[in-house]
Amino acid sequence: MQICAIEILSITRLDELKTSDFPDLQQRLENLKLFSDYYAAYARESFNDHSFIVHDNKNIQALVLVYEFEKRLMSPSDGVNIDVHSSIPKQVGMVYGMIIKYLEKTLLEHRCKELLIKDTFCNGKLSQLGELLFSKRYKADISFEMSISYKNFNLENFYKNIRKSYKSLINWGKKNITTVCINKDNPLKDKFIDFKNFHIKTSGRQTRSNESWEIQYQKIVQGYGELILGYFEDKLVAGSLFLDHNSVSVYATGVYERSLDYGLSHYLTYLGVCRSYERGITTSFSFGQFETTVQDQKLYNIKFFKKGFCEEFIPTILWSKQ
């Protein structure tokens, strides 16, 4: 009988980690740092990055992305993301135990009011993480992640599965909208500034700092996203920003000319998902969570719009401890 040895495990915060220790993680760390820098510029004093890895003397056993927003430990759109790499059953349990103990310690040390952890079902049952959190009497709320897998992605199937009413709007956009894509191969700073000014004009005010805008531009030019601008009759009428975070591409923000009722957002969103796949950095595209408790009609409409692009509506458990 073969016996698997279990190495001594340690926890190291990402902001204390040297890329030379784990060179395979270097690109991901660069991306995560830009993500963290953006929210530090956006949320200011209410944000802290507490992300960490669990590792032995050779390998990373887990990557945990945890951020503090207004005294809540979570991620920007849902719960703490725990990605365990180990495949040894006994070690997986040990890793989860270490992670939860560290998160609860962080909750107390930083006087946070809530810890929120993201989890999914495993073959219709609670995962190993879920079993642990259930036994520790965490509260469970069900949400639904609007996701598009890139595992067997192809353009034909993606288009076929989009909500039927969107297809004529997407086709109109293909025929009538001229697009400019700003990315690492086409880093048009002046066009990015046009988008920023368009956002300010449409919002009626500047909603976030110049520093946060600059960090988003840096993500684009370093290859972790793309800005798609749409022109109608030579006028900028639409802009959608798509960013890669860890292993997932997301719809970061969109601005559209309100006086035009042509479904501008449909075409640019469709294009953004396709081009995020073509970048080849991530394994899926996520439009975030659709909670059953949404009361605000405007927010519900935004989430319902995004759902129309998704082939998967994944039940997600958000475990919380206060």
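Chains are numbered independently. Their residues run from 1 in the order of the written sequence. In keeping with the model being predicted, local features are shown solely for residues with a pLDDT of at least 70 and side-chain atom pairs are shown and tallied solely at 80 or more, while totals for entire chains, interfaces and linings include all residues. Side-chain numbers come from the whole structure's heavy atoms, not from hydrogens or water.

J.: What exactly am I supposed to notice about helix 7 (residues 210-221) here?
T.: What sets the pattern is the α-helix's 3.6 residues per turn: residues three or four places apart point alike. Compared with the 16 Å implied by 1.5 Å per residue over 12 residues, the 17 Å span of helix 7 between its first and last C-alpha is a close match. Any residue under 20% of the maximum accessible area for its type is buried, any over 50% is exposed, and the rest in between are partly exposed; the area is computed with a 1.4 Å probe on protein chains only. Here a helix means four or more residues in a row that DSSP labels H or I, a strand means two or more in a row labelled E, and each is numbered from the N terminus. Looking at helix 7, one finds that the buried residues are S212, W213, I215, Q216, Y217, K219 and I220. It only takes one pair of heavy atoms within 4.5 Å for two residues to be counted as in contact. On its buried side, helix 7 packs onto helix 1 (26-43), strand 10 (178-182), helix 6 (189-203), strand 11 (225-232) and strand 12 (235-245). Positive backbone phi, at 95 degrees, marks G223, one or two positions downstream of helix 7. Helices are assigned an expected span. That span is 1.5 Å times one less than the residue count.

J.: Would you explain the packing of aromatic side chains in this entry?
T.: Where two aromatic rings form a pair, the distance of their centres and the angle of their planes describe that pair. Only the six-membered ring of Trp is used, alongside the rings of Phe and Tyr, when aromatic pairs are assigned; centres must lie within 6.5 Å, and planes under 30 degrees apart are stacked while those over 60 apart are edge-to-face, with the rest tilted. Here the structure, examined in full by the defined rule, presents 32 aromatic pairs. Their ring planes at 90 degrees and their centres at 5.4 Å tell us that Y39 and F69 sit as a pair that is edge-to-face. Taken as a pair, Y39 in helix 1 and F69 in strand 5 (residues 67-69) lie far apart in primary sequence, 30 residues in all. Per residue, the accessibility class of Y39 equals that of F69, and both read buried. Considering the side-chain rings of F305 and F309, the 5.4 Å spacing of their centres and the 80 degrees angle between planes classify their relative orientation as edge-to-face. An identical accessibility class is assigned to F305 and F309; each is buried. An aromatic cluster of three or more residues is present, and its members are F35, Y38, Y39, Y42, F47, Y67 and F69. Just above the ring of F304 sits the side chain of R163; from NZ or CZ to the centre is 4.0 Å. A ring has a charge above it when a Lys NZ or an Arg CZ is no more than 6 Å from the ring centre and no more than 35 degrees off the ring normal.

J.: Explanation requested: the confidence of the model for the protein in the structure shown.
T.: Atom-level detail of predicted coordinates should not be read off regions where pLDDT is low. Of all residues in the protein, 97% have pLDDT values of 70 or greater, and the mean over the chain is 91. The predictor reports its confidence for every residue as pLDDT, a score running from 0 up to 100. When mean pLDDT is taken per element in the protein, strand 10 scores highest with 97 and helix 1 scores lowest with 89. Below pLDDT 50 for its whole length, residues 1-5 participates in 2 contacts with residues either more than four positions away or in separate chains.

J.: Explanation requested: the pairing of strand 11 in the structure shown.
T.: In summary, the side chains of a regular strand alternate between the two faces of the sheet. By the criterion of burial, strand 11 is predominantly enclosed, with 8 of the 8 residues buried. Neither face of strand 11 is left uncovered, since the one carrying G225, L227, L229 and Y231 and the one carrying E226, I228, G230 and F232 both have all their residues buried. Summarising the sheet, strand 10 and strand 11 pair through 5 bridges and their orientation is antiparallel. For V180, the partnering residue across the bridge sits in strand 11 and is L229. If DSSP finds at least two bridges between two strands, the strands pair. As judged from the 8 bridges shared by strand 11 and strand 12, these two strands associate in the antiparallel manner. Each residue of the ladder has a partner; that of G230, found in strand 12, is A238. Between the antiparallel neighbours strand 11 and strand 12 lie 2 residues, among them E233 with a positive phi of about 55 degrees.

J.: It is not clear to me how the packing of helix 6 against helix 7 should be interpreted in this structure. Could you clarify?
T.: The angle between two axes is taken between their N-to-C directions and runs from 0 to 180 degrees, where each axis is a line fitted to C-alpha atoms and a helix contributes only its stretch in contact. Packing of helix 6 against helix 7 brings their axes to within 11 Å, and their N-to-C directions diverge by 140 degrees. When the axis of helix 6 is compared with that of helix 7, the two are oblique. Helix 6 and helix 7 meet at a crossing whose hand is right-handed. Of the residues in helix 7, those touching helix 6 at K189, F192, F195, K196 and H199 are N210, W213, E214, Q216, Y217 and I220. When grouped by side-chain class, the residues that make up the contact of helix 6 with helix 7 number 5 nonpolar, 3 polar and 3 charged. Between 65 and 115 degrees an angle is taken as roughly perpendicular, under 35 as roughly parallel, over 145 as roughly antiparallel, and anywhere else as oblique. The handedness criterion is simple: a crossing whose near helix is rotated anticlockwise from the far helix by less than a right angle is left-handed, and one whose near helix is rotated clockwise is right-handed. In the scheme used here, Gly and all other residues not listed as nonpolar or charged are polar, with Ala, Val, Leu, Ile, Met, Phe, Trp, Tyr, Cys and Pro taken as nonpolar and Asp, Glu, Lys and Arg as charged.

J.: It is not clear to me how the nonpolar core should be interpreted in this structure. Could you clarify?
T.: Here the nonpolar core consists of buried residues drawn from Ala, Val, Leu, Ile, Met, Phe, Trp, Tyr and Cys, with membership extended through side-chain atoms lying within 4.5 Å. I148, F158, V273, F285, F287 and F309 are the most contacted members of the largest nonpolar core, which totals 30 residues. Elements that contribute at least two residues to this core include exactly strand 9 (139-149), strand 11, strand 12, strand 13 (248-256), helix 8 (264-279) and strand 14 (284-291). Here this core takes 7 residues from helix 8, the largest share from any one element. In contact with I148, other than residues within four places in its own chain, are F153, F158, V273, S284, F285, F287, F309, C310 and E311. V66, I82, L107 and W319 belong to the second largest nonpolar core, which has 25 residues in total.

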